[in-house]
Amino acid sequence: MTAKRLDKISELIAGRLRALGGAVEFIEPNPADIYRMVDTPKQIGRMVHARFTGTGSKKILLIAHMDTVYLRGMLAKQPFRVDGNRAYGLGIADDKQGIAVILHTLAVLKAMNFRDYGLVTVLINADEEVSSAGSRSLLTKLGGEHDAVFSLEGSRVDSDRLSLTTAGIAAVVLNIEGKASHAGSSPENGRNALYELAHQILQTRDLSDPKTGLKMNWTVAAAGTNRNVIPAMASATADVRVLRVADYDGIEEKVKERIKKQLIPDTKVNMTFERRRPPLELTPANAALAKHAQTIYAEIGKKLIVGDVAEGGGTDAAFAALKTKAPVIERFGLQGFGSHSSDSEYVHIDSIEPRLYLLTRMIMDVAQGKAK
Amino acid sequence: MHANSIGRRFLRAVFFVTAVSLAANVGAAPLEPVMSLAAKEKALLLDTLKELVSIESGSGDREAPRQDQ
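In this text the structure is predicted, and so the values were computed from the model without any measurement.

## Focus on the overall build of chain A
Then, in step 1: If you tally the helices and strands in chain A, you get 8 helices and 19 strands.
Then, in step 2: Long-range pairs, those at least 24 residues apart, make up 83% of the contacts in chain A with a sequence separation of at least 6.
Then, in step 3: Counting every atom, chain A has about 15700 Å² of accessible surface; 52% of that belongs to carbon and sulfur.
Then, in step 4: Of the charged side chains in chain A, 49 are positive and 43 negative, and the gap between their average positions amounts to 1 Å.

This is how it looks when you write it as C-alpha cells:
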C-alpha cells in the first residue's frame, strides 16, 4: 500500500523532469539490494531517476527524497498554506523543498540553454525516512560515477548553511530468550530474560567515546507478558552515532565481546547491529567546493556558513559519498524549520531566490571547470 | 604646511585600507541572467511546493490514530 501511495508523487516528479528535457525512468528497489532493518516496510517506493545530457564532460548528481515521516490521514488537517515569509506543509522542509529546488534550478538552466555539463543526474528516492533501505546501493553507485554530488536537504532558518559532515547512525538490537515459569509457584524453573537484558544493558552502557564522537545509548526496552510470569523474552535497542565509517566495526566488535559475559547462562542473547546510515565525512574535496559556494553566495551579498561538525542527523549524502573521492555536499535546500513535527513544518520563502541562484551557479561552475 | 601634508597622507592611507578591505568583503556582482531567472522562478517554485505537499507520501506503513479513539 505504501509503495502505491508513493506512486502518485513519483508520477508528478517524473512528469516535471520529462517536461524539462530529462530522460526519466522509475527504478524499483532491487530486492537483493534491500538492507532490511527492524522497521523496514514490506514495500519500498520506487525511485525517480532522470538524466540530462549536455555538451561537456563533468557529471553532477542532484539528490532529494519524496517520502515523509507522516502518517496516513494527517494531510487533511494540515494543508499547504502561506503565512508571511513562511510556507507551511507536511514534509515541506524535509524534503519536498529539495525536489522543488532541483526542478526550478533545472528550469533556470533550461531557460539559459546552459548545457556545458556532460551529465546532470537527478535521483529522488522514496525511502529516506526509513533509512534508505532500498535506495542506498544505487546512491552509492551513482555517487561514484559523478564529479560532484549536491544533496538537497534543507538548511536551517537560524543558520544559512551547507553541511560537509553528518552523523552515521546505527542501532544495536538485543533479543534475549529465557524461559517462562509461574512467578509465584515456581520462579526457580524460569530463566528471567529481563534480568539478563538488564545485565547486558548495564555492562554496555559505557561504550561512548567523546574523543571520536562515538555515542551509544540504550533508548528502547520491552520485556514480559504478564505480572505473574517470569519473562521468557526481552529486547532493547541502543542508538549509535559515529563520525567515521571505520568506527562502525569497532563498536560492533566491542558490543559482541561484552555480551559474551552473561548473568544467566541458560538464556540466549542475540545481537543485531544495524548500520542504518554511514556518516558523511569531511574531505579536502568537499571543503574546497564549499569554499567556492561561499564566493558564489557573496555575489548576491549573502554569507554562507559551512558546517564541518556533524549535527547529529544522518542523510543520503553519506551513501553517495561512501565510495568516491569527489565532493559531496549537503543542505543545498531552502531554509526551513520543524522537520518531523506535525504542525509547524515550514520553509522561508525569502530563501528561494538565493538557493536557486546558489545551486544554478554551482552546477555552471562545476560544469565549466571553474570549481573543483 | 608640513602638518597638513602628513594629514593628507594619513587620510589617503585610511582611504586605501578601507577600499581594499571593502573590496575583499564584497563578492563579484550577481551573474545575469541567473539572478533574474531565479527571481522569476520564485512564485512558480511555491506552486510546485503546494503540489508536492498536497500528496501524502509517508514511507512508513502506518495510519494516523483517529482523534475519537
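What follows continues from the structure just given.
## Some points on unusual backbone geometry
Then, in step 1: A:D95 follows A:D94 through a cis peptide bond whose omega is 10 degrees.
Then, in step 2: Here the bond from B:E32 into B:P33 is cis, since omega is 10 degrees, no more than 30 degrees from zero.
Then, in step 3: One non-glycine residue with positive phi stands out, namely A:S132, at about 50 degrees.
Then, in step 4: Following the sequence through the fold, A:S132 ends up in the loop between β6 (119-125) and α3 (136-145).
Then, in step 5: In the Ramachandran plot, A:R331 falls in the positive-phi region, its phi being about 75 degrees despite a non-glycine side chain.

## Quick look at helix α5 (residues 247-258) of chain A
Then, in step 1: An ideal rise of 1.5 Å per residue puts 16 Å on 12 residues; α5(A) measures up with 17 Å between its terminal C-alpha atoms.
Then, in step 2: Tucked into the core, α5(A) has its buried residues touching β10 (168-177), β12 (215-223), β14 (233-242) and β15 (268-277) of chain A.

## Digging into the domain arrangement of chain A
All names here are of chain A.
Then, in step 1: Segmenting chain A into domains produces domain 1 (2-166 + 280-367) and domain 2 (169-277).
Then, in step 2: Computed from C-alpha coordinates alone, the two centres of domain 1 and domain 2 are separated by 36 Å.
Then, in step 3: At the junction of the two partners, domain 1 supplies 17 residues and domain 2 supplies 11 residues.
Then, in step 4: Of the roughly 1100 Å² buried where domain 1 meets domain 2, counting both sides, 45% is carbon and sulfur surface.
Then, in step 5: When the buried area of domain 1 at its contact with domain 2 is split by residue, Y35, V38 and E281 rank highest and sum to 34% of it.
Then, in step 6: With its nearest N and O atoms 3.7 Å apart, the salt bridge here joins E128 to R277.
Then, in step 7: The tally of links between domain 1 and domain 2 comes to 11 residue pairs in polar contact (both at pLDDT 80 or more).

## Here we look at the interface of chain A and chain B
Then, in step 1: Taken together, the 52 residues of chain A in the interface contact 35 residues of chain B.
Then, in step 2: Summed over both sides, the interface between chain A and chain B buries roughly 4000 Å², with carbon and sulfur atoms accounting for 67% of that surface.
Then, in step 3: When the buried area of chain A at its contact with chain B is split by residue, A:R72, A:F80 and A:E353 rank highest and sum to 17% of it.
Then, in step 4: Counting the contacts that link chain A with chain B gives 2 salt bridges.
Then, in step 5: Those elements that place two or more of their residues in the side of chain A that touches chain B are α1 (2-19), α2 (92-111), α6 (284-299) and α8 (352-367) of chain A.
Then, in step 6: Looking at which element gives the most residues to the side of chain A that touches chain B, the answer is α2(A), with 11 residues.
Then, in step 7: Here the residues of the side of chain A that touches chain B sort into 33 nonpolar, 7 polar and 12 charged.

Parameters at a glance
- Residues numbered from 1 in each chain as written.
- Chains lettered and ligands numbered in written order.
- Predicted model: local features only at pLDDT ≥ 70, side-chain atom pairs only at ≥ 80, totals over all residues.
- Heavy atoms only, no water.
- Helix = DSSP H or I, 4+ residues; strand = E, 2+ residues; numbered from the N terminus.
- Contact = heavy atoms within 4.5 Å.
- Areas by Shrake-Rupley, 256 points an atom, 1.4 Å probe, with all protein chains shown as cover.
- Lys, Arg positive; Asp, Glu negative; His and termini not counted.
- Charge placed at Lys NZ, Arg CZ, Asp CG, Glu CD.
- Expected span 1.5 Å × (residues − 1).
- Domains from an automatic or database assignment.
- Buried area = accessible area lost by both parts, 1.4 Å probe.
- Salt bridge = Lys/Arg side-chain N within 4 Å of Asp/Glu carboxyl O.
- Polar contact = N/O pair within 3.5 Å; in protein donor to acceptor, adjacent residues only side chain to side chain.
- Nonpolar A, V, L, I, M, F, W, Y, C, P; charged D, E, K, R; others polar.

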